[in-house]
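# Structural overview for review
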Amino acid sequence: ERGAGKAKAKGEAAKQELSVIVPTYNETENIRPLCERLFKAMKEAELTCELLFVDDESEGSDETQKIVKALEEEGFAVRIHCRKKTEGR
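Now for a look at the structure at hand. (Residues numbered from 1 in each chain as written. Predicted model: local features only at pLDDT ≥ 70, side-chain atom pairs only at ≥ 80, totals over all residues. Heavy atoms only, no water.)

## Some thoughts on the nonpolar core
The biggest cluster of nonpolar side chains holds 14 residues, and the ones touching the most others in it are Cys35, Phe39, Leu51, Phe53, Leu71 and Val78. With 4 residues, the top contributor of residues to this core is helix α1 (residues 28-44). Residues contacting Phe53, with those up to four places away along its chain left out, are Val22, Thr24, Ile31, Leu34, Val68, Val78, Arg79, Ile80 and His81. (Core = buried A, V, L, I, M, F, W, Y, C linked by side-chain atoms within 4.5 Å. Buried < 20%, exposed > 50% of the residue type's maximum accessible area, 1.4 Å probe, protein only. Helix = DSSP H or I, 4+ residues; strand = E, 2+ residues; numbered from the N terminus. Contact = heavy atoms within 4.5 Å.)

## Observations regarding the packing of α1 against helix α2 (residues 61-73)
Running from N to C, α1 and α2 point in directions that differ by 20 degrees, and their axes come no closer than 9 Å. The angle between the axes of α1 and α2 places the two elements in the roughly parallel class. Considering how the two elements wind past one another, α1 and α2 form a crossing that is right-handed. Between α1 and α2, the contacting residues are Thr28, Ile31, Arg32 and Cys35 on the first element and Glu63, Thr64, Ile67, Val68, Ala70 and Leu71 on the second. Across the contact of α1 with α2, the residue classes tally to 6 nonpolar, 2 polar and 2 charged. (Axes fitted to C-alpha atoms, helices over the stretch in contact; angles between N-to-C directions. Parallel < 35°, antiparallel > 145°, perpendicular 65-115°, else oblique. Left-handed = near helix turned anticlockwise from the far one by under 90°. Nonpolar A, V, L, I, M, F, W, Y, C, P; charged D, E, K, R; others polar.)

So, in structure tokens, the structure goes:
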């Protein structure tokens with residue numbers, strides 16, 4: 001199993017024990033290493049988690065979205081929320 005938050009079998013939902021919100025701003029180089037280390041630690045601790053990346057439309061925002069989508073396709077329990085510049089202000 002690649003991601004510690006991945007369901008064990010089709011139709012069998014994994015219990016989410018932890019949701020981690022990760023704000024991103026010019027962090028494209030750090031997303032994959034963070035994800036891999038966090039999911040490895042969760043697996044070793046026999047916990048499951050999901051990561052919710054919050055993108056603040058920084059430079060490289062499109063790349064951030066591509067990286068998170070690729071991680072999701074690889075089986076990691078990740079999602080992304082893309083904030084508009086005026087959202088939350």
